[in-house]
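Structure assessment
What follows is the residue order along each chain.
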Amino acid sequence: MNHAFTWLAPKYRWIAFGLLLIATLSGLAVLSIQGKELKTGSAPYGAISLQLAWSDEQARNIIGSWKGLEGVAYSQQYYDFVFLIIYPLFLSLSVAVISEYGSGPLSTMGAPLSWIVLITMPLDAMENMLILRMLHGGQPSFSQLTTVLATLKWALVLSAFGYWFAALPQLISRSWVR
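Now for a quick tour of the structure. Source: prediction; values computed, not measured.

1. Side note on helix α4 (residues 70–101)
- The first and last C-alpha atoms of α4 sit 46 Å apart over 32 residues, in line with the 46 Å expected at 1.5 Å per residue.
- Within α4, the axis deviates most sharply at Phe 83, by approximately 35°.

As structure tokens, then:
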């Protein structure tokens, strides 16, 4: 199976990797700085707390703790709509590049994982739309569906991180052998 970036020439993969790394780190910084005010007693992790609220009561408490910060909460979601395009591409490309330099099962696993991690885009988009509905005074009963979507998204993100850390020893040993 080919990874998600076989269409891009290898030299351009490294350029894209660098650009996506910068964009991902910049996006994380923007979301972190912009959403700092959303960290409250009810939402110690800011918007992530609402993503993982699960119960209607917990979601209402989190949204209630953001009284006066509604504009910040909305902006956080709108910024995340841009970010949800950037970070999955970075994760996918990083897994694809690692799979090219690895060997054995790690290399074999990397190609499908580079495709699978892209599923974070629609999961994150649906999650954001549900959060916007909750913020707008919509059904807090979306909290469970939002949590399911967020949990699936985070599982995929963590699978990319796990792949990086599993492949790292192999990549280091191969670079020392060359």
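2. Concerning the side chain of Thr 40
- Here Thr 40 lies in the loop between α1 (10–34) and α2 (47–51).
- Side-chain polar atoms of Thr 40 contact the side chain of Ser 65, separated by 2.8 Å.
- If we skip the residues at most four places from it in the chain, Thr 40 touches Ser 65 and Trp 66.

3. Looking at the environment of Tyr 12
- Following the sequence through the fold, Tyr 12 ends up in helix α1.
- With relative accessibility at 42%, the residue Tyr 12 sits in the partly exposed group.
- Placed 81 residues apart in sequence, Tyr 12 and Leu 93 show a C-alpha to C-alpha distance of 11 Å.

4. Let's talk about the pattern of salt bridges
- Summed over all chains, the structure comprises 3 salt bridges.
- For the salt bridge of Glu 100 with Arg 13, the shortest nitrogen-to-oxygen distance reads 2.1 Å. In this pair, Glu 100 is assigned in helix α4 and Arg 13 in helix α1, connecting sequence segments 87 residues apart.
- On the basis of relative accessible area, Arg 13 is assigned to the buried category, the value being 6%.
- For the salt bridge of Asp 124 with Lys 153, the shortest nitrogen-to-oxygen distance reads 3.8 Å. With a gap of 29 residues between them, Asp 124 in helix α6 (residues 120–135) and Lys 153 in helix α7 (residues 142–177) connect regions that are remote in the sequence. A single burial state applies to Asp 124 and to Lys 153, both of which are buried.

5. Focus on a nonpolar patch on the surface
- There is a patch of nonpolar side chains on the surface, built from Leu 158, Phe 161, Phe 165, Leu 168 and Ile 172 and spanning about 470 Å² of accessible area.
- Of note, Leu 168 is situated in helix α7.
- Residue Leu 168 is classed as partly exposed on the basis of its relative accessible area, which comes to 40%.

6. Thoughts on the packing of aromatic side chains
- Throughout the structure, instances matching the rule amount to 8 aromatic pairs.
- Between the aromatic rings of Trp 14 and Tyr 101, the centroid separation amounts to 6.0 Å while the plane-to-plane angle is 55°, which identifies the pairing as tilted. Taken together, the residues Trp 14 in helix α1 and Tyr 101 in helix α4 connect sequence positions 87 residues apart.
- A centroid spacing of 5.9 Å and a plane angle of 75° characterise the contact between Phe 90 and Trp 164, whose relative ring orientation is edge-to-face. Of this pair, Phe 90 sits in helix α4 while Trp 164 sits in helix α7; the two residues are 74 residues apart in sequence, bridging distant segments of the chain.
- According to the relative accessible area criterion, Trp 164 is partly exposed, its value standing at 21%.
- Taken together, the aromatic side chains of Trp 14, Phe 17, Phe 90, Tyr 101, Phe 161 and Trp 164 make up a single cluster linked through ring pairs.

What counts and how
- Residues numbered from 1 in each chain as written.
- Predicted model: local features only at pLDDT ≥ 70, side-chain atom pairs only at ≥ 80, totals over all residues.
- Heavy atoms only, no water.
- Helix = DSSP H or I, 4+ residues; strand = E, 2+ residues; numbered from the N terminus.
- Expected span 1.5 Å × (residues − 1).
- Bend = angle between axes of the 7 residues up to and from the residue.
- Polar contact = N/O pair within 3.5 Å; in protein donor to acceptor, adjacent residues only side chain to side chain.
- Contact = heavy atoms within 4.5 Å.
- Buried < 20%, exposed > 50% of the residue type's maximum accessible area, 1.4 Å probe, protein only.
- Salt bridge = Lys/Arg side-chain N within 4 Å of Asp/Glu carboxyl O.
- Patch = residues over 30% accessible without salt bridge, like charges linked within 9 Å, V, L, I, M, F, W, Y side chains within 5 Å.
- Areas by Shrake-Rupley, 256 points an atom, 1.4 Å probe, with all protein chains shown as cover.
- Phe/Tyr/Trp six-rings, centres within 6.5 Å; stacked < 30°, edge-to-face > 60°.

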